Every structure is written in structure tokens, then in C-alpha cells.
Amino acid sequence: MDKFYNYIDGAWVEGESYVQNINPSNTADVIGEYAQASREQTQAAISAANAAAHGWARSGIQARFDALDYIGTQLLARKEELGELLSREEGKTRAEGIGEVARAGQIFKFFAGETLRPGGEALPSTRPGMGVELTREPLGVIGMITPWNFPIAIPAWKIAPALAYGNCVVFKPAGLVPGSAWALADIIAQAGLPKGVFNLVMGSGRVVGDAIVNSDGIDGISFTGSVPTGRDILAKAAARGAKVQLEMGGKNPLVVLDDANLDVAVDCALQGAFFSTGQRCTASSRLIVTEGIHDRFIAALTEATAKLRVGDALKAETQIGPVVDKGQLDSNMRYVEQAVAEGGTLACGGELIGGDGFYMSPALITNTTPDMTINREEVFGPVASVVKVKDYKEALRVANDCEFGLSSGICTSSLEYATDFKRNAEAGMVMVNLPTAGVDYHVPFGGRKGSSYGSREQGAYAREFYTTVKTAYIRSV
């Protein structure tokens with residue numbers, strides 16, 4: 001069986017131990033054995049990044065452009081091959097896997113362009129004979145801890161801006177999906193970067209993640225994952241003054257008003273709640289529906305949900321792949337059972353599907369109230385709940401009554417309601433007649449409240465995290 005190593009200081013390094021990468025569509029399929037870094041190896045990667053930081057921070061913009069453009073070109077050229085690998089290890093459909101790799105390539109291409117647009121300002125001083133220059137400089141060494149649900153796109157939207165703005169990287173991917181991370185690292189290793197600029201350390205959060213979070217050699221931490229882990233990272237990083245960027249999930253509402261186009265609303269709910277097996281922080285997990293359209297919407301959505309084809313992620317006919325692993329599958333089923341126990345009605349799905357993988361039928365739960373557990377906690381699976389409300393005013397209140405604030409959507413033909421919702425939805429991203437999941441790579445990504453902490457990811461706004469501003473005063477002599 002093939003073994004895959006960590007990448008430290010410009011060299012591939014054997015691990016202290018190895019873990020098997022299991023295909024959730026077919027648990028008998030082992031993709032490979034992936035190295036687990038020790039605490040000492042992680043520290044070696046951090047030291048290498050620090051040694052390379054000065055030179056990379058002062059590298060020319062052409063060198064950065066060339067490296068990022070090469071990475072983007074390779075990802076796009078190999079999107080089918082790498083998309084299949086992604087789907088094989090994570091469980092989203094092959095089409096979704098290919099699309100994610102393409103997005104990663106586009107992200108690197110975008111930030112290749114950003115290297116040529118570093119920005120800055122020249123301002124007059126309030127004092128005669130003086131000028132002021134505002135410039136941006138790299139933050140330093142960035143520790144990156146990424147989740148399993150987007151195993152190549154999320155690393156891309158962290159690594160690309162970090163390198164573009166002159167930072168060095170120590171990258172720890174999620175343990176469930178090392179294959180995509182390793183493939184990305186292999187491409188980066190061939191991009192001509194100086195040794196130590198980019199480092200891959202696969203391993204557990206307890207060992208590798210803890211070493212990154214607590215190291216004085218890490219100037220900033222970009223994390224995507226659970227709320228408890230994110231808050232723990234924030235507390236530890238703040239204690240030593242490191243900069244932190246956190247994305248920690250959502251419980252996203254999709255409001256459906258009486259005047260909505262029924263077909264559009266059903267499609268938004270179906271795609272937002274169940275595609276990618278519902279394993280998206282932007283998933284439409286709360287469907288808030290006004291009473292005039294409620295019954296028709298439930299009937300149409302139930303029919304459409306029942307027709308979704310669940311199966312092996314690599315089969316062409318599959319629309320919904322497996323859950324990522326048994327632990328997540330068990331958690332999903334517990335949430336469904338608890339929702340019914342608290343008074344909800346299982347209108348469709350929510351059943352285990354036999355086979356050699358971790359399969360469940362997408363669950364639609366109706367007759368729920370805002371205070372139920374299913375409407376308060378993030379499930380992270382193909383499970384959606386429905387809350388019936390009287391009117392728009394109540395719908396907006398229920399939509400905002402949540403500790404999260406990542407993405408929020410509305411289906412309506414009313415310009416008045418759409419405009420009001422865009423203004424008053426307490427979320428970082430708002431969708432009108434669109435699924436709450438699905439975003440562009442060239443604009444900011446992030447939320448409010450418990451969903452996010454720190455500056456936004458993606459687009460030109462990424463520079464807010466990966467750079468620090470310098471103000472220089474100049475007197476002519």
C-alpha cells in the first residue's frame with residue numbers, strides 16, 4: 001500500500017506513525033497510508049517557516065505570481081483526477097469533487113493576480129513639508145488548520161492569500177481527508193518556492209494542532225472547524241498575542257414567503273439542505289415557511305427529497321453521497337431521533353441505507369418549533385427542519401434567533417421584502433432566491449455572531465488577515 005509523507009523544509013519526511021485513508025462510499029477501499037507528524041516534526045516545520053520568512057517576505061512579486069499561477073494551472077489541468085480522489089475520500093459526488101478542485105485552481109489564479117496589486121496609499125501630512133505612505137507587509141508565519149468537508153477548496157483559500165502576501169505556511173489538514181491535502185502539497189512543492197515557505201504536517205489536533213496553536217513561532221492562525229475548538233484556539237492564541245481568524249459553522253435559515261416561486265423555493269431548499277450530503281457550514285438547515293405557502297411547499301419538497309438518489313460518490317447517477325464517517329452518521333441519526341422525540345414529524349428520509357459505506361436518506365422534519373434542539377444546534381448532515389410562521393415579520397425574527405450568523409436566504413418575489421431582508425438578516429452573507437450554500441471565490445466569505453471571528457476570508461479582503469499595515473512619515477530635506 002502506498003505511503004504518503006509530510007513535507008517539511010522542502011523535503012518529504014516519513015511520519016512517526018501512519019493512518020489509513022478510508023473511502024466512506026466503500027469502507028473496504030483504502031486510499032493509502034498517510035504520515036502522522038510528531039510534535040517535534042511540527043516544531044521543525046515551524047522553525048523552517050521562520051527561517052524562510054525574511055527572504056520570502058522580500059521576494060519579488062513576479063516570483064509569487066509565477067508560483068501561484070503554476071499551482072492554479074496544475075489544479076485546473078488535473079481537476080478530474082483530483083476531483084475523483086476528493087470524492088473518494090470525502091464522499092461528495094464526483095461532479096462536486098471536480099467542481100471543488102476547479103474552484104481551488106481559480107482561487108490560486110485569483111491570488112496570483114493579487115500579488116501584482118499589493119496596494120498602498122500616499123497621503124499628504126497635516127504638517128507642511130511632510131508626506132505619509134501606507135503600505136502592507138506580511139504577517140509572518142501562518143498556521144492553518146482546515147476541516148474535512150472541503151478538503152482542497154478551504155486549504156486553497158487560506159494558503160493562496162498567505163503566499164501571495166508574502167507569508168510562510170504551516171498547514172495541518174483534517175485527519176479524515178489527508179489525500180486531497182497531500183495532492184495539493186505535492187503541486188505546491190513543485191512550484192519553485194524556497195524551502196521552508198510551505199510545510200505540510202498531517203496528524204492529530206491533540207499533537208500537531210496543539211503544537212501550532214501554542215508555538216511562539218506562529219504569528220497568525222487561520223482555523224475552520226467546530227465552535228468549541230475555535231474558542232479554545234482563540235483563548236490560547238490571544239494569551240500570547242497571535243492573530244486569529246476563525247470560521248466555526250452555521251445554522252442557516254432559508255425563509256420562504258407566500259409570494260415565492262414554488263419551484264425556485266423547492267430547488268433552493270433541496271440544494272442548500274442536502275447537496276454535498278448537507279456537510280457544509282452554509283447548508284440550509286432551517287426552513288422557515290409562512291403559512292400561506294407552507295403546505296404546498298412541504299408537499300413539493302417531500303416529493304423532491306424522496307426522489308434524491310443516494311449512493312457511491314463515484315457513480316454517475318448519484319446525487320447524494322455518503323456521510324464522511326460512522327461517527328458523523330451516528331450523530332446525524334441521533335439528531336433525527338431527538339427531533340421526533342421533541343415533537344417533530346419525520347416527513348421524509350432519516351433512515352440508514354444498507355451497503356458498504358456510511359449512507360442515510362436525506363431527512364426532512366416538519367412541525368418543529370424554534371426552541372427545539374434540531375433548530376439550535378448544527379447537525380452537519382443531510383437533515384433539514386421546517387418552522388411554520390405567520391408572516392415576514394415573524395420569519396425574520398425566527399431567522400435571526402440563533403447563535404450563528406453565517407449565511408441567510410429568502411425566497412420571495414417582493415422587492416420590498418428582499419431589500420428589508422438583505423438589510424436586517426443577521427448574517428455575513430445573504431442570498432435572495434438562491435440556496436444559502438454556494439459562494440464565489442473573489443468576494444468575502446464569513447459570518448457574524450458565533451459563526452466567525454476576525455477578518456473575512458477570500459477575495460481582496462483576505463489581505464486584512466494576512467498583512468499588517470505600516471505607516472511611514474517622510475520629510476523632504
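Structure report, in brief. (Residues numbered from 1 in each chain as written. Predicted model: local features only at pLDDT ≥ 70, side-chain atom pairs only at ≥ 80, totals over all residues. Heavy atoms only, no water.)

1. Here we look at the overall build of the chain
From N to C terminus, the chain includes 14 helices and 25 strands. For 477 residues, the compact-globule estimate of 2.2 N^0.38 gives 23 Å, and the chain sits close to it at 23 Å. Burial analysis of the chain (477 residues in total) assigns 57% to the buried set. Once local pairs closer than 6 in sequence are excluded, the contacts in the chain between residues at least 24 apart make up 72%. In the structure as shown, the chain presents an accessible area of about 18,800 Å², 50% of it carried by carbon and sulfur atoms. Computed over 44 positive and 54 negative side-chain charges, the inter-centroid distance for the chain is 6 Å. (Helix = DSSP H or I, 4+ residues; strand = E, 2+ residues; numbered from the N terminus. Rg over C-alpha atoms; globule rule 2.2 N^0.38 Å. Buried < 20%, exposed > 50% of the residue type's maximum accessible area, 1.4 Å probe, protein only. Contact = heavy atoms within 4.5 Å. Areas by Shrake-Rupley, 256 points an atom, 1.4 Å probe, with all protein chains shown as cover. Lys, Arg positive; Asp, Glu negative; His and termini not counted. Charge placed at Lys NZ, Arg CZ, Asp CG, Glu CD.)

2. Some thoughts on the environment of Asp-216
Relative to the elements of secondary structure, Asp-216 occurs in the loop between helix H7 (205–213) and strand E11 (220–224). Distance in space between the C-alpha atoms of Asp-216 and Gly-241 is 9.3 Å, their sequence separation being 25 residues.

3. What about the packing of aromatic side chains?
Summed over all chains, the structure comprises 14 aromatic pairs. With 4.9 Å between their ring centres and 70° between their planes, Phe-4 and Trp-182 make a pair best called edge-to-face. With Phe-4 in strand E1 (residues 3–4) and Trp-182 in helix H6 (residues 178–189), this residue pair connects regions lying 178 residues apart in the sequence. Classification of Phe-4 by relative accessible area gives buried; the value is 16%. Ring plane angle 40° and centroid distance 6.4 Å describe the contact between Phe-171 and Phe-198, whose orientation is recorded as tilted. In this pair, Phe-171 is assigned in strand E9 (residues 168–172) and Phe-198 in strand E10 (residues 198–200), connecting sequence segments 27 residues apart. Across this residue pair, the class does not change: Phe-171 and Phe-198 are buried. (Phe/Tyr/Trp six-rings, centres within 6.5 Å; stacked < 30°, edge-to-face > 60°.)

4. Focus on unusual backbone geometry
A positive phi angle, close to 55°, is found at Asp-9, a residue other than glycine. Its relative accessible area of 33% is what places Asp-9 among the partly exposed residues. Phi is positive for Thr-277, close to 55°, though the residue is something other than glycine. Structurally, Thr-277 is set in the loop between helix H9 (262–274) and strand E14 (286–290). Thr-277 sits in the buried class, given a relative accessible area of 2%.

5. Details of the pattern of salt bridges
All told, the structure shown has 20 salt bridges when counted by the stated rule. Among the salt bridges present, the one from Asp-210 reaches Arg-39, with a minimum N-O distance of 3.1 Å. With Asp-210 in helix H7 and Arg-39 in helix H1 (residues 39–57), this pair connects stretches of sequence that are 171 residues apart. Note that Arg-94 is salt-bridged to Glu-80, the shortest N-O span being 3.7 Å. Of this pair, Arg-94 sits in helix H4 (residues 94–114) while Glu-80 is found in helix H3 (residues 79–90), placing the two residues 14 residues apart along the sequence. The class for Arg-94 is partly exposed, based on a relative accessible area of 28%. By relative accessible area, which is 47% here, Glu-80 ends up partly exposed. Each member of the salt-bridge network shares a partner with another, and the members are Arg-39, Asp-210, Asp-232 and Lys-236. (Salt bridge = Lys/Arg side-chain N within 4 Å of Asp/Glu carboxyl O.)

6. Re the packing of H3 against H4
Packing of H3 against H4 brings their axes to within 7 Å, and their N-to-C directions diverge by 120°. With respect to each other, H3 and H4 are oriented oblique. The way H3 lies across H4 gives a crossing that is right-handed. Only Arg-94, Gly-97, Ile-98, Glu-100, Val-101 and Ala-102 of H4 make contact with H3, whose side of the interface consists of Lys-79, Glu-80, Leu-82, Gly-83, Glu-84, Leu-86 and Ser-87. When grouped by side-chain class, the residues that make up the contact of H3 with H4 number 5 nonpolar, 3 polar and 5 charged. (Axes fitted to C-alpha atoms, helices over the stretch in contact; angles between N-to-C directions. Parallel < 35°, antiparallel > 145°, perpendicular 65-115°, else oblique. Left-handed = near helix turned anticlockwise from the far one by under 90°. Nonpolar A, V, L, I, M, F, W, Y, C, P; charged D, E, K, R; others polar.)

7. What to know about the sheet that holds strand E6 (residues 121–124)
Taken together, the 3 strands give an open sheet; going across it, the order is E6-E7-E25, and neighbouring strands pair in antiparallel fashion. If you trace the sheet from one side to the other, it starts and ends with E6 and strand E25 (467–475), each paired once. Across the sheet, the mean angle from the axis of one strand to that of its neighbour is 25°, orientation sign disregarded. Of the strand pairs in this sheet, strand E7 (residues 130–138) and E25 are connected by 9 bridges, and their pairing is antiparallel. Within E25, the residue paired with Val-132 across the bridge is Tyr-473. (Pairing = 2+ DSSP bridges.)

8. Structural notes on the nonpolar core
The biggest cluster of nonpolar side chains holds 90 residues, and the ones touching the most others in it are Leu-75, Phe-108, Ile-159 and Phe-198. Here the element with the most residues in this core is helix H5 (residues 153–164); it accounts for 9 residues. The next biggest cluster of nonpolar side chains, apart from the first, holds 23 residues, and it includes Ala-273, Leu-287, Leu-308 and Cys-348. (Core = buried A, V, L, I, M, F, W, Y, C linked by side-chain atoms within 4.5 Å.)

9. Looking at the pairing of E7
Pairing between E6 and E7: 4 bridges, direction antiparallel. The residue bridging Leu-123 from the neighbouring strand is Val-132, located in E7.

10. Considerations on the environment of Gln-271
Note on placement: Gln-271 falls in helix H9. Note: C-alpha distance between Gln-271 and Thr-436 (165 residues apart in sequence) is 8.8 Å. Those residues within four positions of Gln-271 in sequence are excluded, and the remaining contacts are Arg-280 and Pro-435.

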